[in-house]
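Structural description and commentary
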Amino acid sequence: MSQQKRRDILKIGALAVTGLGFPAILRAQSKDIVILGLWDQTGAYADVGPLNDRGMRMALEERDMKVLGKPIKYITRDGATQAGVSTRRAEEAIDEGARFMIGPWSSGVALAVSEVAKRRKVLHLFSGGTEDISGARCHRYSFQWAASPYTAAKTVVDNFMKANPGAKRWHLLIADYAFGWSLEKYIKEVGKDHGLEFVGADRHPLGEREFSNYVQKAAANRPDVVAMVNFGADAVGAARETFNFGLTPKVPLIMTWSSGVEELIQLAPEIRENLWVGSNFYYTADTTVAKRFAASYQAKFKTPPGYAPSSAYSMTRMLLAGFDKAKSDDTQAVIRALETLQINDVVGPMHVDGATHQTLRPYFFLRCKPKAAMKHELDLADIVATGDTPLPKEYASCKDIGGF
C-alpha cells in the first residue's frame, strides 16, 4: 500500500472517530424533523402532562406526522415539574437531534428551559402565566402562546365588575411562583380602574393540600369576592375548602387562570354555583377549529378538552404553520416566520408580536351554571365574555428581543 493511500485511510478513520466526515454527511441527510414535547409525567403537574401529550399528538397526527414532505419524529420527556430535571431532559433531547420543543407546563420551570433554548439555539414554545418569557427574559428562541397575564387580568376584572359593580372588597389567594406573581400584579393594576380594595393577599406553595387556614383568613377579611390565581389540584382543593367553610357560594369565587373543564368536572355542581372562571380556552368556543378539535377529542377521550390539551394542540399547529410559512425546517427561518404569523385557530384570530414573541389572542371569561340550568353533565359554564387587550407599552419589559 502506498504512503498516500495509507494516509487517506487513516484520515477517514480519524474523521469517523471524531464524528466528522461520513457520519456527519449521513446525519445531515436525515430527513426526520425531531420535535420534543416536554410534558410532566411526575411531580406537581403529573396529571397535566398526559393531557398536553394528547393535544400535541392530535395536531401531529392531523398532518400524518409529516411537514414539508419530511417525517416528524415526536419525542417526549418527563420534566417532573422541576427545573433541574426539565433542563437536563431538554439538553439530552437536543443532543439527540431535537431543534424544536414545546413545554413544559410550569411557568417557573419553563423559564429555566427557555434559557436552554437560547443557549442551544432551538425554538421553544410555551403556554403559561408568567410574563417573563415575553417580558424581562425575552429572546429570539422562545414564544408565549397563552394570553398575556395583563390580558387575562383585564378580561376577568373588567367583566366581573360589569356584572357585579358593588363587589369592591377583594381577597386574593395566589400560587407563590412566577405564574401567580404576574397575575396578582395585573389584577391589582386593573383593579385601580374600578376602585377595588384588596383586603388580603395570601400566597401558597405549589402543591398545597391544606387550605383551611387560608380560607379562615379570607373569611375574617369579610370580602365581597375571593379571587384565586392557582391551578389544577391547588385550585380544586382551595375551591372545595372555600365551599366547605361556607364562604361560597354566598361570596363569589373567581378562578382567574383555570384549566377549564379539567378543574370544573372535579367540583360538585353546588361548589360551582357562583363560580367565575378565566381560561385560555373553553370547549364551546365558537370557532371552526375549536368545534372540530372538541368533537374529535371528545369522541376519542369521552370528555371535552380543556386548556392543557388545547394549548399543546394549538402550539403544535402554530409550529407547523411556521414550517409551512418558512418553507424550511431551518430553526431561524421558522422563528422569522412565526414572528409575522397570523392564524385562525382554536381560540380564534391569533398573531405573534414580533417584538416580544407574545401571542395576541382572546382570553375567555366564564360563569358556571347552577345545577338546575345544566342541560347535561358537561354543560358546566357559559362564555360570558372574551378579551384581547394587549399589554400596554408602559408595562412592557421586553426592551430588545435580541438576535440569533
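Note that the coordinates shown come from a computational prediction; the quantities given were computed from them, not determined experimentally.

Re the pairing of strand β7 (residues 169–175)
Among the seven residues in β7, six count as buried, and that is most of the element. Two strands pair when backbone bridges link them, and β7 and strand β8 (residues 197–204) are joined in this way by seven bridges, in the parallel orientation. Across the sheet, H171 pairs through a bridge with G200, a residue of β8. You can see the chain leave β7, run along helix α7 (residues 178–192) and come back into β8, and the turn it takes is right-handed. Pairing analysis gives five bridges linking β7 to strand β9 (residues 225–229), with the strands arranged parallel. Its bridge partner being in β9, W170 is matched across the sheet by V225.

A short note on the state of the cysteines
With the rule as written, the count across this model stands at one disulfide. The partner cysteine of C138 in its disulfide is C398, sulfur to sulfur 2.1 Å. Around the S-S axis, the bridge from C138 to C398 shows a dihedral of about 85° and counts as right-handed. Of this pair, C138 sits in the loop between β5 (123–126) and β6 (142–144) while C398 is found in the segment after β16 (381–387), placing the two residues 260 residues apart along the sequence. We classify C138 as buried; its relative accessible area is 10%.

Quick look at the domain arrangement of the chain
Taken domain by domain, the chain holds domain 1 (20–147 + 283–361) and domain 2 (149–279 + 362–394). Look at where the C-alpha atoms of domain 1 and domain 2 centre, and you get two points 28 Å apart. Counting from both sides, the interface comprises 31 residues of domain 1 and, opposite them, 28 residues of domain 2. Buried surface at the junction of domain 1 and domain 2, both sides included, amounts to about 2200 Å², of which 62% is carbon and sulfur. The largest share of the area that domain 1 buries against domain 2 comes from E131, A147 and R361, three residues that together contribute 25% of it. Counting the contacts that link domain 1 with domain 2 gives one salt bridge. When the shortest N-O distance is used, the salt bridge between K185 and E131 registers 3.2 Å. The residue makeup of the side of domain 1 that touches domain 2, split by class, is 18 nonpolar, 11 polar and two charged.

Scoring rules and cut-offs
Residues numbered from 1 in each chain as written. Predicted model: local features only at pLDDT ≥ 70, side-chain atom pairs only at ≥ 80, totals over all residues. Heavy atoms only, no water. Buried < 20%, exposed > 50% of the residue type's maximum accessible area, 1.4 Å probe, protein only. Helix = DSSP H or I, 4+ residues; strand = E, 2+ residues; numbered from the N terminus. Pairing = 2+ DSSP bridges. Right-handed = clockwise from strand over helix to strand, strands pointing away. Disulfide = S-S within 2.5 Å. Domains from an automatic or database assignment. Contact = heavy atoms within 4.5 Å. Buried area = accessible area lost by both parts, 1.4 Å probe. Salt bridge = Lys/Arg side-chain N within 4 Å of Asp/Glu carboxyl O. Nonpolar A, V, L, I, M, F, W, Y, C, P; charged D, E, K, R; others polar.

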